[in-house]
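Residue-level listing of the chains:
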Amino acid sequence: YRLHVNWSRGTGWVDFRLADQPKVSTEFDPTFEGFQPYLVPVICGRPWWYGPEDVFEWVNGKPVEGRKLRNSGDQKGEPEWTIQGPGVFQIPDGQGDTVVTTPNLYPGEIARIHTARSKYIAKSNMRPNLYRDMGIQRFRYPVPGRKSLDMSKLRVIGGNEYSSAVCTINPKSRRPW
């Protein structure tokens, strides 16, 4: 199940499942009060409040100076990149001036790069192991909560008008927005 809550800063949700059968409270007559209270025990497998994803879109040739992607959650955010070749992309890491450089993407090649430490860090539609082709480069810094990722270091070398990048962060928070 998913519980959605609207706040002044937007909509958030938390996923949960039933832990036991709901219990009916029979301390008073529900027809007299006009409602019937229930105690519903639930378990949250992922105890984070989630919100709509934060998105940054870029096409080769557009300026990136002064552009940022904000992590609207209060927990660290691991960006996910979808890049389309051709070209060699320099992708900003979560802090400072560090970048991660991709191998040369072919025309029409689309790569999905997860900056979190996961089994599926980098995939491509035209090569069997993009993760191996990236060599020793890894994303090391997540975006801190309520902070922004500066996009001024994003660029593509050898790209054309079809080269593009989309970065998303799925914000998560300890408490409702």
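Residues numbered from 1 in each chain as written. Predicted model: local features only at pLDDT ≥ 70, side-chain atom pairs only at ≥ 80, totals over all residues. Heavy atoms only, no water.

Draft legend 1. Spotlight on the environment of Met126. Among the secondary structure elements, Met126 is positioned in the loop between strand E14 (122-124) and helix H2 (130-133). You can call Met126 partly exposed: its relative accessible area is 41%. Ignoring sequence-local partners within four residues, the contact set of Met126 consists of Tyr106, Pro107, Gly108 and Glu109. (Helix = DSSP H or I, 4+ residues; strand = E, 2+ residues; numbered from the N terminus. Buried < 20%, exposed > 50% of the residue type's maximum accessible area, 1.4 Å probe, protein only. Contact = heavy atoms within 4.5 Å.)

Draft legend 2. Representation of the nonpolar core. One finds Trp58, Trp81 and Ile83 to be the most contacted residues of the largest nonpolar core, which totals 25 residues. Counting only elements with at least two residues in this core, the list comes to strand E8 (54-59), strand E10 (80-84), strand E11 (88-92), strand E13 (110-114) and strand E17 (164-169). Among the elements that take part in this core, E17 stands out by supplying 3 residues, more than any other. (Core = buried A, V, L, I, M, F, W, Y, C linked by side-chain atoms within 4.5 Å.)

Draft legend 3. The pairing of E8, seen in detail. With burial as the criterion, only one face of E8 is covered, namely that bearing Asp54, Phe56 and Trp58; the residues Val55, Glu57 and Val59 on the opposite face remain uncovered. Alignment of E8 against E17, held across 6 bridges, turns out to be antiparallel. The residue bridging Asp54 from the neighbouring strand is Ile169, located in E17. (Pairing = 2+ DSSP bridges.)

Draft legend 4. View of the pairing of strand E2 (residues 10-15). The pairing of strand E1 (residues 2-7) with E2 spans 6 bridges and is antiparallel. Bridge pairing links Trp7 to Gly10 in E2. Between E1 and E2, which pair antiparallel in sequence order, lie 2 residues.

Draft legend 5. Summary view of the side chain of Glu109. The topology assignment puts Glu109 in the loop between strand E12 (99-101) and E13. In terms of polar contacts, Glu109 uses its side chain to reach the side chain of Ser124, at 2.4 Å. There is a polar contact of 2.8 Å between the side chain of Glu109 and the side chain of Arg127. (Polar contact = N/O pair within 3.5 Å; in protein donor to acceptor, adjacent residues only side chain to side chain.)

Draft legend 6. Representation of the packing of aromatic side chains. Counted under the stated rule, the structure contains 2 aromatic pairs. Ring centres of Trp7 and Trp49 lie 5.4 Å apart, and the angle between their planes is 80°; this geometry places the pair in the edge-to-face category. Taken together, the positions of Trp7 in strand E1 and Trp49 in strand E7 (residues 49-50) put the pair 42 residues apart, joining distant regions of the chain. The partly exposed category is assigned to Trp7, whose relative accessible area is 25%. (Phe/Tyr/Trp six-rings, centres within 6.5 Å; stacked < 30°, edge-to-face > 60°.)

Draft legend 7. Highlighting the pattern of salt bridges. Per the counting criterion, the structure on display carries 8 salt bridges. Of the charged contacts in the structure, one is a salt bridge between Arg46 and Asp15, with a shortest N-O distance of 3.0 Å. Residue Arg46 is found in the loop between strand E6 (42-43) and E7, and its partner Asp15 is found in strand E2; the two are separated by 31 residues along the sequence. The exposure class assigned to Asp15 is buried, which follows from its relative accessible area of 19%. Across the salt bridge formed by Asp133 and Arg127, the nearest N and O atoms sit 3.3 Å from each other. (Salt bridge = Lys/Arg side-chain N within 4 Å of Asp/Glu carboxyl O.)

Function-wise, these values are silent; they only describe arrangement.
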